[in-house]
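# Coordinate inspection notes
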Amino acid sequence: MGIRVEDVTKRFGSFLALDNINLEINTGSLVALLGPSGSGKSTLLRAIAGLEQADTGRIYLTGRDATYQTVQERNIGFVFQHYALFKHLTIRENIAFGLDIRKTPKSQAHKRADELLELVQLTGLGNRYPSQLSGGQRQRVALARALAVQPKVLLLDEPFGALDAKVRKDLRNWLRQLIEQVRVTTVFVTHDQEEAMEVSDEIVVMSQGRIEQVGTPADVYDNPATPFVMSFIGPVNVLPRHSQLVKNSRFDAAANDVFVRPHHILIEANKSEDSVPAKVLRLIHLGWEILVELTFEDGETITANLTRDEYDKLNLQPQQRVFVKPKKAKSFPLEYSLKS
C-alpha cells in the first residue's frame, strides 16, 4: 500500500477541516483529490506531507507509520501551484537543489538533473534561469526537482492552476505519461473535474472535510454515491419530484429529486410515449456539440446536449416546440436530502 490514512481529523479553531478521514492509495497509482474550495483536499495533502499535523489519526507511507515523522523523514516530493523555483539558480541547479542539501556529490547531482531534464522534455535548457522559461516549462522544472530525490510519494497541490487552458491541457497529458514512466505513487489536488477525470486512476471526491466517494473516473461519473457527487462531477439537471417531466417519465422519485445528465435528455420533433412538450429557449454552439436550453409549461428549465448530427437532423430553432423525455435518470434515498 502506497498511502494509508486512518481516522484523521484536523481542526483550525472551530473549523473542522478534516472529519475522520480514511483512505487507501495503491502503490504507483495516480489519485486526484477533487472538491470545491474548503472541502479539505489541500489540508489532507499537507497532512500526508507532514506540513500539517493531524489532531487525531495516523498516516502510513509505504507501510510505515509516518504520523510523527518530519517532512524530510517522509521522503516526499511536493509541487506547489506557483512553482517556487529559485530565481537566482539555473534550471539545472534548481533541479539538483534537494540533492545538494543531502550532500550528494556535485557531478552526480548534475548528472541526475540532466537525466530529469530529458525526462521532462527540457533537454538543453539546464543553463537558463526560471525567468527565461514559459509557465508550462517552469512547472515541468518544479516536477523534475521534486523527482530528483527519488521520493516515495509525489504530492501536487493544484499544479496547473496558474496556467492558461491550452497549457493545462498539454501538461495533463504529459503528467499522465510521466507518472507511468517513473511509477511513483502520486496524489494531486484539483477543483477541475475534467482534469481529475482525464489524468487520474482514481478520484477521491471531498466535501466539507469528508470523503463522499472514491472510485475510478468512470465509477464516480456513472455511479455517483451521493447527490453531491452527481452534481459536482459533470453537468446535471436537478428535477423536483413533482416536475412534469418526472411524473410523465414514471421514475420512482416519491422521496427525492431526480438527477438527469444533459446528454441523457432525448429531444424529438413529434409526440411519443412519456414525452413532454417543451420550448427551445436558447441554442449554444460549442463546435462538437450543441447545448439546448429548454423550458416546460410548468416553468421548469433544463439543459440538453446534442451531437452535431442530432442537431442537424432536428434543425432546431429558438422558440420551436419540441417533445422531451429522459433516457436515463437517478434519484437518491431520502436520507441524503435530510443531510443537506
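Structural data are supplied above this passage.
These notes cover the structure that comes with them. If you're wondering where the values come from, they're calculated on a predicted model, not measured in any experiment. Residue indices follow the written sequence of each chain, beginning from 1 at its first position. Given that the model is predicted, a residue must reach a pLDDT of at least 70 before its local features are reported, and side-chain atom pairs must reach 80 or more before they are shown or counted; all residues, however, enter totals for whole chains, interfaces and linings. Hydrogen atoms and water are omitted, and side-chain values are computed over all heavy atoms in the structure.

## What to know about the packing of aromatic side chains
Note on aromatic contacts: the rings of Phe and Tyr and the six-membered ring of Trp form a pair at centre separations within 6.5 Å, being stacked when their planes are under 30 degrees apart, edge-to-face when over 60 apart, and tilted otherwise. As enumerated under the stated definition, the model contains three aromatic pairs in all. Here the aromatic rings of Phe259 and Phe332 are separated by 5.4 Å at their centres, their planes lie at 85°, and the arrangement is edge-to-face. Here Phe259, found in strand E12 (residues 258-260), pairs with Phe332, found in the loop between strand E18 (330-331) and helix H13 (334-339); they are 73 residues apart in sequence, far enough to count as distant. Lying across the ring of Tyr60, Arg4 places its NZ or CZ 4.2 Å from the centre. A run of H or I in DSSP counts as a helix once it spans at least four residues, and a run of E counts as a strand once it spans at least two, with each numbered from the N terminus. Note on criteria: charge over ring means Lys NZ or Arg CZ within 6 Å of the ring centre, with the direction from the centre no more than 35 degrees off the ring normal.

## Comments concerning helix H6 (residues 135-148)
A helix's residues, less one, multiplied by 1.5 Å, set its expected span. For H6, built from 14 residues, the straight-helix expectation of 20 Å at 1.5 Å per residue is met to within 8% by its first-to-last C-alpha distance of 20 Å. Burial classes follow relative accessibility: with a 1.4 Å probe on protein chains only, a residue under 20% of its type's maximum area counts as buried, one over 50% as exposed, and anything between as partly exposed. Taken across its 14 residues, H6 has 12 buried, putting it largely inside the fold. Among the residues making up H6, those that are buried are Gly135, Gly136, Gln139, Arg140, Val141, Ala142, Leu143, Ala144, Arg145, Ala146, Leu147 and Ala148. Two residues form a contact once any of their heavy atoms are found within 4.5 Å. Of the surrounding secondary structure, the elements contacted by the buried residues of H6 are strand E6 (76-79), helix H3 (91-95), helix H4 (97-101), helix H5 (106-119), strand E7 (153-157) and helix H7 (165-182). Two residues or fewer past H6, Gln150 is found with a positive phi of approximately 50°.

## Notes on the pattern of salt bridges
Salt bridge criterion: a side-chain nitrogen from Lys or Arg within 4 Å of a carboxyl oxygen from Asp or Glu. As enumerated under the stated definition, the model contains 11 salt bridges in all. With a shortest N-O distance of 3.9 Å, Lys10 and Asp55 are connected by a salt bridge. Of this pair, Lys10 sits in strand E1 (residues 3-12) while Asp55 sits in the loop between helix H1 (41-49) and strand E4 (56-61), placing them 45 residues apart in sequence. On the accessibility criterion, Asp55 (44% relative accessible area) is partly exposed. One salt bridge in this structure joins Arg282 and Glu293, with 3.6 Å as the shortest N-O distance. Highlighted residues: Arg282 in strand E14 (residues 276-285) and Glu293 in strand E15 (residues 289-296), separated in sequence by 11 residues. Under the relative-accessibility criterion, Glu293 is labelled partly exposed at 26%. The structure contains a network of salt bridges with shared partners spanning Arg172, Glu194, Glu195 and Glu198.

## Describing the sheet that holds strand E8 (residues 185-190)
The pairing criterion for strands is at least two bridges between them, as found by DSSP. Across the sheet, six strands lie side by side as E6-E7-E8-E3-E9-E10; this open sheet has mixed pairing. Each edge of the open sheet is held by one strand with a lone partner, namely E6 and strand E10 (210-215). On average, each strand axis in the sheet is inclined to that of its neighbour by 20°, with strand direction left out of account. Two elements, E7 and E8, share five bridges in a ladder whose sense is parallel. Within the sheet, the bridge partner assigned to Leu155 lies in E8 and is Val187. Helix axes use the C-alpha atoms of the stretch in contact, all axes being lines fitted to C-alpha atoms, and the angles between their N-to-C directions lie in the range 0 to 180 degrees. Its contacts with the sheet place H6 against E6 and E7, and it is angled at close to 170° to E6.

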